[in-house]
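Residue-level structure breakdown
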Amino acid sequence: DQQVKQNSPSLSVQEGRISILNCDYTNSMFDYFLWYKKYPAEGPTFLISISSIKDKNEDGRFTVFLNKSAKHLSLHIVPSQPGDSAVYFCAASASYTGGFKTIFGAGTRLFVKA
Amino acid sequence: NAGVTQTPKFRVLKTGQSMTLLCAQDMNHEYMYWYRQDPGMGLRLIHYSVGEGTTAKGEVPDGYNVSRLKKQNFLLGLESAAPSQTSVYFCASSYSGGVQPQHFGDGTRLSIL
(Lines give C-alpha, C1' and ligand atoms only; values in the text may rest on other atoms or scores of the structure.)
Protein backbone atom coordinates (compact mmCIF):
# COMPACT_ATOMS: atom_id res chain seq x y z
CA ASP A 1 0.00 0.00 0.00
CA GLN A 2 1.81 3.07 -1.27
CA GLN A 3 0.95 5.92 1.06
CA VAL A 4 2.89 8.43 -1.05
CA LYS A 5 2.49 8.23 -4.80
CA GLN A 6 4.29 9.98 -7.60
CA ASN A 7 2.32 8.77 -10.57
CA SER A 8 4.56 10.19 -13.28
CA PRO A 9 7.80 8.21 -13.58
CA SER A 10 9.26 10.86 -15.87
CA LEU A 11 8.67 14.36 -17.17
CA SER A 12 10.31 16.22 -20.05
CA VAL A 13 10.32 20.03 -20.19
CA GLN A 14 11.93 22.66 -22.38
CA GLU A 15 14.50 24.94 -20.79
CA GLY A 16 12.91 28.14 -19.52
CA ARG A 17 9.45 26.63 -19.16
CA ILE A 18 7.69 25.53 -15.97
CA SER A 19 8.17 22.04 -14.54
CA ILE A 20 5.34 20.69 -12.38
CA LEU A 21 5.94 17.54 -10.38
CA ASN A 22 3.02 15.99 -8.56
CA CYS A 23 2.64 13.90 -5.43
CA ASP A 24 -0.43 12.34 -3.80
CA TYR A 25 -0.75 10.88 -0.33
CA THR A 26 -3.38 8.78 1.38
CA ASN A 27 -2.73 9.21 5.11
CA SER A 28 -4.35 12.33 6.57
CA MET A 29 -1.96 12.09 9.53
CA PHE A 30 0.92 13.37 7.42
CA ASP A 31 1.67 16.90 8.61
CA TYR A 32 4.94 17.79 6.93
CA PHE A 33 6.07 17.32 3.37
CA LEU A 34 9.52 17.49 1.81
CA TRP A 35 10.99 17.37 -1.68
CA TYR A 36 14.41 15.90 -2.37
CA LYS A 37 16.46 16.02 -5.56
CA LYS A 38 18.79 13.23 -6.63
CA TYR A 39 21.49 13.20 -9.28
CA PRO A 40 22.92 9.88 -10.57
CA ALA A 41 25.48 8.24 -8.28
CA GLU A 42 24.70 10.72 -5.50
CA GLY A 43 22.42 10.67 -2.50
CA PRO A 44 19.19 12.69 -2.38
CA THR A 45 19.53 16.29 -1.24
CA PHE A 46 16.84 18.32 0.48
CA LEU A 47 15.16 20.88 -1.74
CA ILE A 48 12.12 22.43 -0.09
CA SER A 49 9.45 21.58 2.47
CA ILE A 50 6.00 22.63 3.60
CA SER A 51 4.01 22.27 6.79
CA SER A 52 0.39 21.16 6.66
CA ILE A 53 -0.66 24.51 8.14
CA LYS A 54 0.46 26.25 4.95
CA ASP A 55 -0.65 25.90 1.35
CA LYS A 56 2.41 27.37 -0.34
CA ASN A 57 6.11 27.71 0.27
CA GLU A 58 8.51 29.41 -2.10
CA ASP A 59 12.31 29.34 -2.33
CA GLY A 60 13.78 31.01 -5.39
CA ARG A 61 12.75 29.12 -8.51
CA PHE A 62 11.08 26.38 -6.44
CA THR A 63 7.54 26.55 -5.06
CA VAL A 64 5.63 23.79 -3.33
CA PHE A 65 1.84 23.87 -3.19
CA LEU A 66 -0.22 21.79 -0.77
CA ASN A 67 -3.90 20.95 -1.21
CA LYS A 68 -4.88 19.13 1.97
CA SER A 69 -8.46 18.42 0.96
CA ALA A 70 -7.21 16.64 -2.16
CA LYS A 71 -4.19 15.15 -0.35
CA HIS A 72 -2.05 16.47 -3.15
CA LEU A 73 1.12 18.49 -3.39
CA SER A 74 3.10 19.77 -6.30
CA LEU A 75 6.55 21.19 -6.91
CA HIS A 76 6.86 23.98 -9.45
CA ILE A 77 10.21 24.91 -10.95
CA VAL A 78 10.25 28.20 -12.86
CA PRO A 79 12.17 28.70 -15.05
CA SER A 80 13.47 25.19 -15.59
CA GLN A 81 17.18 24.81 -16.26
CA PRO A 82 19.18 21.87 -17.68
CA GLY A 83 20.86 21.50 -14.28
CA ASP A 84 17.46 20.70 -12.80
CA SER A 85 17.48 17.36 -14.64
CA ALA A 86 17.36 14.83 -11.81
CA VAL A 87 15.04 12.50 -9.95
CA TYR A 88 12.70 14.27 -7.52
CA PHE A 89 11.35 12.46 -4.47
CA CYS A 90 8.34 13.58 -2.51
CA ALA A 91 8.33 12.61 1.19
CA ALA A 92 5.56 12.86 3.77
CA SER A 93 6.09 12.83 7.51
CA ALA A 94 3.72 12.14 10.40
CA SER A 95 4.50 12.67 14.07
CA TYR A 96 2.95 10.55 16.77
CA THR A 97 3.53 9.87 20.43
CA GLY A 98 7.00 8.45 20.80
CA GLY A 99 8.13 8.86 17.22
CA PHE A 100 7.48 9.82 13.66
CA LYS A 101 7.20 8.23 10.24
CA THR A 102 8.52 9.49 6.91
CA ILE A 103 7.43 7.83 3.68
CA PHE A 104 9.03 8.51 0.31
CA GLY A 105 7.40 8.36 -3.09
CA ALA A 106 8.95 6.40 -5.95
CA GLY A 107 10.35 9.52 -7.61
CA THR A 108 9.86 11.40 -10.88
CA ARG A 109 12.73 11.78 -13.31
CA LEU A 110 12.80 15.28 -14.78
CA PHE A 111 14.51 15.96 -18.11
CA VAL A 112 15.07 19.62 -18.96
CA LYS A 113 15.96 20.02 -22.62
CA ALA A 114 18.21 22.87 -23.71
CA ASN B 1 32.87 19.05 4.88
CA ALA B 2 32.26 15.30 4.55
CA GLY B 3 28.63 15.18 5.76
CA VAL B 4 27.50 11.55 5.48
CA THR B 5 30.04 9.01 4.23
CA GLN B 6 29.16 5.46 3.24
CA THR B 7 31.64 2.61 2.90
CA PRO B 8 31.96 0.73 0.57
CA LYS B 9 30.50 2.30 -2.57
CA PHE B 10 30.13 -1.00 -4.44
CA ARG B 11 30.14 -4.62 -3.39
CA VAL B 12 29.31 -7.97 -4.96
CA LEU B 13 28.45 -10.84 -2.64
CA LYS B 14 27.53 -14.46 -3.05
CA THR B 15 24.31 -15.78 -1.55
CA GLY B 16 24.85 -16.66 2.10
CA GLN B 17 27.81 -14.35 2.66
CA SER B 18 27.73 -11.70 5.33
CA MET B 19 28.86 -8.11 5.27
CA THR B 20 28.61 -4.82 7.08
CA LEU B 21 27.92 -1.42 5.54
CA LEU B 22 29.37 1.52 7.42
CA CYS B 23 27.85 4.98 7.68
CA ALA B 24 29.62 7.90 9.32
CA GLN B 25 28.36 11.45 9.84
CA ASP B 26 30.25 14.45 11.10
CA MET B 27 27.31 16.80 11.74
CA ASN B 28 26.63 15.67 15.32
CA HIS B 29 23.16 14.49 14.28
CA GLU B 30 21.12 12.45 16.73
CA TYR B 31 19.04 10.54 14.18
CA MET B 32 20.42 8.12 11.60
CA TYR B 33 18.67 5.96 9.03
CA TRP B 34 19.27 3.15 6.58
CA TYR B 35 17.18 2.98 3.40
CA ARG B 36 17.13 0.77 0.37
CA GLN B 37 16.17 2.03 -3.07
CA ASP B 38 14.72 -0.33 -5.64
CA PRO B 39 13.35 0.52 -9.11
CA GLY B 40 9.82 1.92 -8.88
CA MET B 41 9.76 1.65 -5.09
CA GLY B 42 11.34 4.86 -3.86
CA LEU B 43 13.28 4.84 -0.62
CA ARG B 44 12.17 2.32 1.99
CA LEU B 45 13.32 2.58 5.58
CA ILE B 46 15.14 -0.48 6.90
CA HIS B 47 16.18 0.58 10.42
CA TYR B 48 16.80 3.84 12.18
CA SER B 49 18.32 5.21 15.36
CA VAL B 50 17.25 8.18 17.46
CA GLY B 51 20.51 8.35 19.39
CA GLU B 52 23.66 6.54 20.42
CA GLY B 53 22.89 3.04 21.65
CA THR B 54 19.35 2.97 20.21
CA THR B 55 17.93 1.24 17.15
CA ALA B 56 14.43 0.67 15.81
CA LYS B 57 12.81 -1.20 12.94
CA GLY B 58 11.60 0.57 9.87
CA GLU B 59 9.40 -0.56 7.02
CA VAL B 60 11.55 -3.45 5.70
CA PRO B 61 13.81 -4.70 8.54
CA ASP B 62 13.86 -8.44 7.84
CA GLY B 63 17.28 -9.86 7.01
CA TYR B 64 19.16 -6.84 8.38
CA ASN B 65 20.66 -5.85 11.71
CA VAL B 66 22.04 -2.51 12.83
CA SER B 67 24.17 -1.06 15.58
CA ARG B 68 24.81 2.49 16.81
CA LEU B 69 27.67 2.14 19.29
CA LYS B 70 28.95 5.65 18.58
CA LYS B 71 26.87 8.70 17.79
CA GLN B 72 28.64 9.32 14.51
CA ASN B 73 28.44 5.76 13.16
CA PHE B 74 25.54 3.58 12.07
CA LEU B 75 26.29 0.06 10.84
CA LEU B 76 24.03 -2.08 8.68
CA GLY B 77 24.67 -5.82 8.68
CA LEU B 78 23.55 -8.59 6.38
CA GLU B 79 24.09 -11.90 8.17
CA SER B 80 23.23 -14.18 5.24
CA ALA B 81 22.86 -12.26 2.00
CA ALA B 82 20.04 -13.16 -0.40
CA PRO B 83 19.50 -12.08 -4.02
CA SER B 84 16.40 -10.12 -2.88
CA GLN B 85 18.76 -7.82 -0.99
CA THR B 86 20.37 -6.62 -4.21
CA SER B 87 19.74 -2.90 -4.03
CA VAL B 88 21.21 0.54 -3.53
CA TYR B 89 21.52 1.35 0.14
CA PHE B 90 21.45 4.90 1.44
CA CYS B 91 22.36 6.12 4.87
CA ALA B 92 20.99 9.42 6.16
CA SER B 93 21.16 11.52 9.27
CA SER B 94 19.16 14.39 10.73
CA TYR B 95 19.28 16.66 13.75
CA SER B 96 15.93 15.32 14.92
CA GLY B 97 12.99 13.54 13.36
CA GLY B 98 9.92 14.46 11.38
CA VAL B 99 10.28 17.99 10.07
CA GLN B 100 14.04 17.99 9.93
CA PRO B 101 15.51 17.35 6.46
CA GLN B 102 17.66 14.27 6.20
CA HIS B 103 21.21 14.41 4.86
CA PHE B 104 22.09 11.45 2.69
CA GLY B 105 25.28 9.65 1.78
CA ASP B 106 26.03 8.78 -1.84
CA GLY B 107 24.86 5.21 -1.51
CA THR B 108 26.26 1.68 -1.60
CA ARG B 109 25.41 -0.44 -4.63
CA LEU B 110 25.15 -4.04 -3.45
CA SER B 111 24.74 -7.01 -5.79
CA ILE B 112 24.09 -10.48 -4.47
CA LEU B 113 24.59 -13.37 -6.85
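Rules and cut-offs
- Residues numbered from 1 in each chain as written.
- Chains lettered and ligands numbered in written order.
- Predicted model: local features only at pLDDT ≥ 70, side-chain atom pairs only at ≥ 80, totals over all residues.
- Heavy atoms only, no water.
- Contact = heavy atoms within 4.5 Å.
- Buried area = accessible area lost by both parts, 1.4 Å probe.
- Polar contact = N/O pair within 3.5 Å; in protein donor to acceptor, adjacent residues only side chain to side chain.
- Helix = DSSP H or I, 4+ residues; strand = E, 2+ residues; numbered from the N terminus.
- Nonpolar A, V, L, I, M, F, W, Y, C, P; charged D, E, K, R; others polar.
- Core = buried A, V, L, I, M, F, W, Y, C linked by side-chain atoms within 4.5 Å.
- Buried < 20%, exposed > 50% of the residue type's maximum accessible area, 1.4 Å probe, protein only.
- Disulfide = S-S within 2.5 Å.
- Pairing = 2+ DSSP bridges.
- Axes fitted to C-alpha atoms, helices over the stretch in contact; angles between N-to-C directions.
- 1 Å grid on protein atoms, 1.4 Å probe; cavity = no way out; pocket = protein on both sides within 12 Å on 5 of 7 lines; lining within 4 Å.
- Points joined across faces, edges and corners; volume = space filled by probe spheres on them.

Contact with chain A, which involves 18 residues of that partner, is made by 18 residues of chain B. A combined buried area of about 1500 Å² lies between chain A and chain B, and 64% of that area is made up of carbon and sulfur atoms. Broken down residue by residue, the surface that chain A buries against chain B is led by Pro-44, Phe-100 and Phe-104 of chain A, which jointly contribute 37%. Taken together, the links from chain A to chain B amount to three residue pairs in polar contact (both at pLDDT 80 or more). At the level of secondary structure, the elements contributing two or more residues to the side of chain A that touches chain B comprise strand E4 (32-38), strand E9 (86-96) and strand E10 (99-104) of chain A. For the side of chain A that touches chain B, a count of residues per class yields 11 nonpolar, five polar and two charged.

Before going further, it helps to spend a moment on the nonpolar core. Judged by nonpolar contacts, the single largest core of 25 residues is most densely connected at Phe-30, Phe-33, Trp-35, Leu-73, Leu-75 and Tyr-88 of chain A. For Phe-33 of chain A, the residues in contact, after removing those within four places along its chain, are Tyr-25, Ile-48, Ser-49, Ile-50, Ser-52, Leu-66, Leu-73, Ala-91 and Ala-92 of chain A.

Per the counting criterion, the structure on display carries two disulfides over all chains. In this model Cys-23 of chain A forms its disulfide with Cys-90 of chain A; the gap between the sulfur atoms is 2.0 Å. The sign of the -70° torsion about the S-S bond sets the Cys-23 of chain A-Cys-90 of chain A disulfide as left-handed. With Cys-23 of chain A in strand E3 (residues 19-25) and Cys-90 of chain A in strand E9, this pair connects stretches of sequence that are 67 residues apart. Two residues, Cys-23 of chain B and Cys-91 of chain B, share a disulfide whose sulfurs are 1.9 Å apart.

Take the sheet that holds strand E1 (residues 4-5) of chain A next. Residues and elements named next belong to chain A. Sheet architecture is open: five strands sit in the order E1-E3-E8-E7-E6, paired in antiparallel fashion. Looking at strand neighbours, the two that pair on one side only are E1 and strand E6 (56-59), the edges of this open sheet. The sheet contact formed by strand E7 (residues 62-67) and strand E8 (residues 72-77) spans six bridges and is antiparallel. Each bridged residue has a counterpart across the sheet, and for Thr-63 the counterpart in E8 is His-76.

For the rest of this paragraph, the subject is the sheet that holds strand E3 (residues 19-25) of chain B. All names here are of chain B. One open sheet accounts for four strands, arranged E1-E3-E8-E7; its pairing is antiparallel. With partners counted over all chains shown, the strands left at the sheet margins are strand E1 (4-7) and strand E7 (65-67), one partner each. Each strand axis lies, on average, 20° off the axis of its neighbour in the sheet, ignoring direction. As judged from the four bridges shared by E1 and E3, these two strands associate in the antiparallel manner. Bridge pairing links Gln-6 to Cys-23 in E3.

Here we come to the layout of surface pockets. Its boundaries defined by the atoms lining it, the largest pocket holds a volume of some 730 Å³. Surrounding the largest pocket, 34 residues form its lining, Lys-38 of chain A together with Gln-37, Val-88, Phe-90 and Arg-109 of chain B being those nearest its centre. Split into classes, the residues belonging to the lining of the largest pocket amount to 14 nonpolar, 12 polar and eight charged.

The values reported here are purely geometric and, on their own, carry no functional implication.
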